Amino acid sequence: MPAYVALLRGINVGARNRILMKDLTVLMEGLDCKHVKTYIQTGNIVFTHALRSREKLAANIRESIQERFHFTPRVMIVLPKEIKDAVEHNPYPTAAANRLHFYFLETLPGDIELELFDALKRDSEEYSLLDKVFYLHTPEGMAKSKVAAKVEKVLGVSATARNL
């Protein structure tokens, strides 16, 4: 049975879209997921499942959350190897973990103008795009980054960011 990581976007942010991880684990088990593990309150779920379609898994999770919790988060399914590769290819290995953001992209971006990020970024910020991962180093913090706010718009694809 293949292992997967579900990255849920927009849950447990402030007082909105709250899901206890124990309830999320029960929901995932109800979808025939095995070996379910959640990571703090972030919406990161590691599990195994017999289904081999990531799109179908994501749709099943979204629909179940909508039915049970009455909101629909974005759900991206990645393989553990993709996360491992993202860490291994990190172009900013000395960056503080809370200042380095990995954006996992739903698809490869088409023609993009990375120079648009240059116009937005602070002098201290750095970014790189490697395959389906956009790396953003924000030494002054994510909240102050104009690049962070425009990643999906400039790249033209859905993404979800994580600190690793």
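Here the structure is a predicted model, which means the values were calculated and not measured.

1. Describing the side chain of His-137
Thought 1: Looking at where His-137 falls in the secondary structure, it is placed in strand S7 (residues 133–137).
Thought 2: Setting aside residues no more than four positions away along its own chain, His-137 makes contact with Tyr-92, Ala-95, Arg-99, Leu-100, Ser-124, Glu-125 and Glu-126.

2. Examining the sheet that holds strand S5 (residues 100–105)
The pairing of strands in a sheet happens through backbone hydrogen bonds and is either parallel or antiparallel.
Thought 1: The strand order S6-S7-S5-S8 describes an open sheet built from four strands, whose pairing is antiparallel. The open sheet terminates on both sides in strands that have one partner only, identified here as strand S6 (126–130) and strand S8 (159–162). With strand direction ignored, the average angle separating the axes of adjacent strands in the sheet is 20°.
Thought 2: Examined bridge by bridge, S6 and S7 share five bridges and lie antiparallel to one another. Bridge pairing links Leu-129 to Phe-134 in S7.
Thought 3: On top of the sheet, helix H5 (residues 146–155) reaches S5, S6, S7 and S8; it is set at about 160° to S7, its chief contact.

3. Details of the pattern of salt bridges
Thought 1: In the structure shown here, the tally under the stated rule is six salt bridges.
Thought 2: As a salt-bridge pair, Glu-82 and Arg-54 come within 2.8 Å of each other at their nearest N and O atoms. Of the two residues, Glu-82 sits in helix H3 (residues 80–88) while Arg-54 sits in helix H2 (residues 54–69), which places them 28 residues apart along the sequence.
Thought 3: Judged by relative accessible area, Glu-82 falls into the partly exposed class, the value being 25%.

4. Examining the confidence of the model for the chain
Should pLDDT be low for a region, the predicted coordinates there are not to be read in detail.
Thought 1: Across the chain, pLDDT averages 93, with 99% of residues at or above 70.
Thought 2: Within the chain, the element-level pLDDT minimum falls on S8, averaging 92, and the maximum on S7, averaging 97.

5. A look at H2
Thought 1: Taking 1.5 Å as the rise per residue, H2 with 16 residues should run 22 Å; its terminal C-alpha atoms sit 22 Å apart, in good agreement.
Thought 2: Taken residue by residue, H2 has Leu-57, Ala-58, Ala-59, Ile-61, Ser-64, Ile-65 and Phe-69 as its buried positions.
Thought 3: Here the buried face of H2 lies against strand S1 (3–9), helix H1 (21–30), strand S3 (44–48) and strand S4 (74–78).

Thresholds, definitions, all that
- Residues numbered from 1 in each chain as written.
- Predicted model: local features only at pLDDT ≥ 70, side-chain atom pairs only at ≥ 80, totals over all residues.
- Heavy atoms only, no water.
- Helix = DSSP H or I, 4+ residues; strand = E, 2+ residues; numbered from the N terminus.
- Contact = heavy atoms within 4.5 Å.
- Pairing = 2+ DSSP bridges.
- Axes fitted to C-alpha atoms, helices over the stretch in contact; angles between N-to-C directions.
- Salt bridge = Lys/Arg side-chain N within 4 Å of Asp/Glu carboxyl O.
- Buried < 20%, exposed > 50% of the residue type's maximum accessible area, 1.4 Å probe, protein only.
- pLDDT = per-residue confidence, 0-100.
- Expected span 1.5 Å × (residues − 1).

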